[in-house]
Amino acid sequence: SQVGVLWFHVDIAGLPAHLKPEGRFICVQSSLADIPKTTQQLQTLGLYPRIIAKKWLPFGPISRARYHWLQTQPTLLHPQTELLVVIEAVRHNFIR
């Protein structure tokens, strides 16, 4: 059987325009999706990102089904597990 996978890219370029001065952006991201790239993009937008939670978890059914492909990707840090992080980003003038 074939497992369908939905990989998507969220365009965050307009994000600052949707944040109130004291607002914050929060997202959950997998280590399989290049966490450093996301934090760099947030910094480029004038936001201050930080990881506020993280947890290693075993692959779910979709990642297990795509394991052979994942082995060819530089974002695979550990076999059969991925790091999930919660990223919070605020404006530089509202750092807590």
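Residues numbered from 1 in each chain as written. Predicted model: local features only at pLDDT ≥ 70, side-chain atom pairs only at ≥ 80, totals over all residues. Heavy atoms only, no water.

*Asks:* Can you help me understand helix α2 (residues 35-44) in this one?
*Replies:* Helical geometry note: an α-helix holds 3.6 residues per turn, so side chains three or four residues apart project in the same direction. Within the span of α2, buried status applies to Ile35, Thr38, Thr39 and Leu42. The buried residues of α2 all sit within an arc of 95 degrees when viewed along its axis, so they share a single face. Exposed side chains of α2 directed beyond 90 degrees from the buried face belong to Pro36 and Thr44. (Buried < 20%, exposed > 50% of the residue type's maximum accessible area, 1.4 Å probe, protein only. Helix = DSSP H or I, 4+ residues; strand = E, 2+ residues; numbered from the N terminus. Arc of directions from axis to C-beta.)

*Asks:* What is the right way to read the packing of aromatic side chains from this model?
*Replies:* Counting across every chain of the model gives 1 aromatic pair. Taking NZ or CZ as reference, Arg66 lies 5.6 Å from the ring centre of Trp69, over its face. (Phe/Tyr/Trp six-rings, centres within 6.5 Å; stacked < 30°, edge-to-face > 60°. Lys NZ or Arg CZ within 6 Å of the ring centre and 35° of its normal.)

*Asks:* Sorry, what's going on with the pairing of strand β3 (residues 81-91) here?
*Replies:* It is a general feature of regular strands that their side chains alternate between the two faces of the sheet. As defined by bridge partners, strand β1 (residues 24-30) adjoins β3 across 7 bridges and the pair is classed as antiparallel. If you follow Ile26 over to β3, its bridge partner there is Glu88. Taken together, the 11 bridges between strand β2 (residues 47-58) and β3 define a ladder with antiparallel strand orientation. When the sheet's bridge partners are listed, Pro58 is paired in β3 with Thr81. (Pairing = 2+ DSSP bridges.)

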